[in-house]
Amino acid sequence: MGFFCLSDSTHGLLLFASLYANLTAFDDIFLYLVRRDPAICMSEYRSTIVCNSAAEAADLLKNGRLVAFPTETVYGLGADARNSDSVAGIFESKQRPTFDPLIVHVANESAARRLVTEFSPLAERLAAAFWPGPLTLVLPKRPEISDLVTSGLPGVGVRVPNHPVALELLRLADCPIAAPSANLFGRISPTTAQHVLDGLNGRIDGVLDGGACGVGVESTVLSLMTEQPTVLRPGGLPIEDIEAVIGPVLRASANSALDDAAQLAPGMLSRHYSPTTLLRLIEPDSFAIAMEGQKCGLMTYGPIHDNGNFSKVQQLSEFSDLKTCAANFFAALRSLDAAGLDVIIARRFPETGLGIALNDRLQRAACR
Ligand code: TXA
Ligand code: MG
């Protein structure tokens, strides 16, 4: 395996990434190679079933299978967080690098406490205010939580989803569920069961359909491992709401030089949520102009200000309501991406409330 790893620069970087993240290096590197190198890809075709009930999905999880399920933010790809083989399956099926840790979903605060060594008064206040809901807290992990879940980091991301189907699944499966968003790594997050199937059909065991996700962007990830609470990813819970409860928080900045390796905040890759179509951003108040000779699409909100030459327009919210924009965001991006356009022009959002998370997704989706 060592020979493989050092045989080219990507794999050299890989070795660095895994060592940096303090992983059990060769197992993880092998996993990564399995995903990255089609020549040694061992991923077998699985027939993906649409589960009829949470009980059916829970049985699959209990048997070590991978099941996508709805949350209020986006669909997650779930596995029993205590089962390392199943967790490894998540990375393989999503083609996700092992340096990007997984959020563990639990049914309530007491289940969260069982994953961590300390649940501080600050965590208590946040949990009381925002759980169940779109807030992931990174807290010091117990040693028995696998390094694969946390990518070797000392903290584990924990959240209680605010969705009746997810909560029922957690109750019936009776285990913590590790779940990233249920999309291929780097691609657009899924907000319906069909989106999940579009990306992962044949790669996972089941999907539980709970309709469209209401919030539409992923949870806000807040680390309590730092001296001052630090937002690692803006998301469905506005930062202002958090600050109203615990006072000022810091915002982690991405270091794109580390994109191929581990980051302190590994979710901060500069390129993510990517459509295959070129994406260009315009400012919130500017007039949208379709380029001549190009088949252009427009993603906007509020009154439509454009030169009328767009082939396809997605208006996220008639009245510029940011909640409605978030709920429709990923589905609109997918539908524009599927329309055979040369370029998608997207209007940035006001940098406030959910607009911060939406701009973050836009910025990374536009990165080439
Ligand atoms: O809303 C959500 O958060 C959805 C639903 C399914 O819960 N999940 C989700 O997972 O978006 P994922 O894997 O796509 O994004 C998780 C983010 C990543 O940016 C990851 O790096 C960060 O959370 N994260 C997870 N555990 C972490 C940890 N222990 N330390 C630092 N960052 C962590
Ligand atoms: Mg994701």
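For the structure itself, look to the data block above.
So, here's what we can say about the structure. Remember, it's a predicted structure, so these values are computed and weren't measured experimentally.

## Describing the nonpolar core
One finds Ala57, Val67, Ala68, Val104 and Ala178 to be the most contacted residues of the largest nonpolar core, which totals 99 residues. Considering each element in turn, this core owes the most residues, 10 residues, to helix 12 (residues 322-337). Residue assignment places this core across two domains, with domain 2 (43-258) and domain 3 (278-366) each supplying three or more. Residues contacting Ala68, with those up to four places away along its chain left out, are Tyr75, Gly76, Leu77, Gly78, Ala182, Val196, Leu200, Ile204, Val207 and Leu208.

## Observations concerning the sheet that holds strand 15 (residues 343-347)
The strand order across the open sheet formed by 4 strands is 12-15-13-14, and the pairing between neighbours is parallel. Each edge of the open sheet carries a strand with a single partner, namely strand 12 (278-282) and strand 14 (312-315). Shown here is a sheet whose adjacent strand axes are inclined to one another by a mean of 20 degrees, direction ignored. Both strand 12 and strand 15 contribute to a ladder of 5 bridges, which runs parallel. From the neighbouring strand, Leu279 faces strand 15, where its bridge partner is Ile344.

## Re the packing of helix 12 against helix 13 (residues 354-366)
The description of two helices packed together rests on the angle between their axes and the distance between the axes. One can describe the packing of helix 12 onto helix 13 by two numbers: an axis separation of 9 Å at closest approach and a directional angle of 20 degrees. When the axes of helix 12 and helix 13 are compared, the pair comes out roughly parallel. As helix 12 packs across helix 13, the resulting crossing turns out to be left-handed. For the pair helix 12 and helix 13, contact is made by Leu322, Lys323, Cys325, Ala326, Phe329 and Leu333 and by Leu354, Gly355, Leu358, Arg361 and Ala365, respectively. Class assignment for the residues of the contact of helix 12 with helix 13 results in 8 nonpolar, 1 polar and 2 charged.

Definitions and cut-offs
- Residues numbered from 1 in each chain as written.
- Chains lettered and ligands numbered in written order.
- Predicted model: local features only at pLDDT ≥ 70, side-chain atom pairs only at ≥ 80, totals over all residues.
- Core = buried A, V, L, I, M, F, W, Y, C linked by C-beta atoms within 7 Å.
- Buried ≥ 20, exposed ≤ 12 C-beta atoms within 10 Å, placed from the backbone.
- Helix = DSSP H or I, 4+ residues; strand = E, 2+ residues; numbered from the N terminus.
- Domains from an automatic or database assignment.
- Contact = placed C-beta atoms within 7 Å.
- Pairing = 2+ DSSP bridges.
- Axes fitted to C-alpha atoms, helices over the stretch in contact; angles between N-to-C directions.
- Parallel < 35°, antiparallel > 145°, perpendicular 65-115°, else oblique.
- Left-handed = near helix turned anticlockwise from the far one by under 90°.
- Nonpolar A, V, L, I, M, F, W, Y, C, P; charged D, E, K, R; others polar.

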